[in-house]
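Here are the chains, one letter per residue:
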Amino acid sequence: MAKVLRAGNMSKCIGCYTCMFICAGVNMHNHSIQKSCIKIRTYGGVSGKFVETVCQSCRDPACAESCPTGALVLRKGGGVTLEAYKCIGCRRCVTACRIKAVDFDEELNKPIICHHCGMCARYCPHGCLSLQETQDYIGGVL
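Note that the coordinates shown come from a computational prediction; the quantities given were computed from them, not determined experimentally.

**Things to note about the pairing of strand β2 (residues 39–43)**
For step 1, the next point in the chain: Two elements, β2 and strand β3 (residues 49–53), share 5 bridges in a ladder whose sense is antiparallel. By the bridge assignment, K39 is partnered in β3 with T53.
For step 2, the next point in the chain: Counting the residues in the hairpin turn of β2 and β3 gives 5 residues, including G44, whose phi is positive at 100°.

**Comments concerning unusual backbone geometry**
For step 1, the next point in the chain: Positive phi is not limited to glycine here, since Y17 has a value of about 65°.
For step 2, the next point in the chain: By the element assignment, Y17 lies in the loop between β1 (2–6) and α1 (18–28).
For step 3, the next point in the chain: According to the relative accessible area criterion, Y17 is partly exposed, its value standing at 27%.
For step 4, the next point in the chain: Here R91, not a glycine, exhibits a phi torsion of approximately 70°, which is positive.
For step 5, the next point in the chain: Secondary-structure assignment places R91 in the loop between β5 (80–82) and α3 (92–96).
For step 6, the next point in the chain: With relative accessibility at 33%, the residue R91 sits in the partly exposed group.

**What about the environment of F21?**
For step 1, the next point in the chain: As for its position among the elements, F21 is in helix α1.
For step 2, the next point in the chain: Measuring from C-alpha to C-alpha, the distance between F21 and I38 comes to 9.5 Å, with 17 residues separating the pair along the chain.

Quick notes on the rules
- Residues numbered from 1 in each chain as written.
- Predicted model: local features only at pLDDT ≥ 70, side-chain atom pairs only at ≥ 80, totals over all residues.
- Heavy atoms only, no water.
- Pairing = 2+ DSSP bridges.
- Helix = DSSP H or I, 4+ residues; strand = E, 2+ residues; numbered from the N terminus.
- Buried < 20%, exposed > 50% of the residue type's maximum accessible area, 1.4 Å probe, protein only.

No statement about biological role is implied by the geometric values presented.
Structural data, given as structure tokens:
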């Protein structure tokens, strides 16, 4: 079965950003949280809670539909995988993502796409994130 990242316990989040650091380190070989696929921010100021922005594994992802070169390929279980050699850096995927989960790497001139590896969930000290099994569909097809 395919697996997807979910943030089900964000009430436990203390804003340590471990998930962002590990994501950037493992996936982008960089330790800047700007290179992370997952974003953690406060909602409601200093005393507010923390919220996440991460790919929701859309069945019919707008990011893939907007890509003129087919660089974003539908992923088993939802969401997309980036075929970087096809990407021309047009940023249409960034604009198309309804939840703003697609970021852009200015140095590489490529989007930062979550591929649901689960490293952020594995290293979250408070269990805020998890990798969950989902049906094996590609796009809207089971």
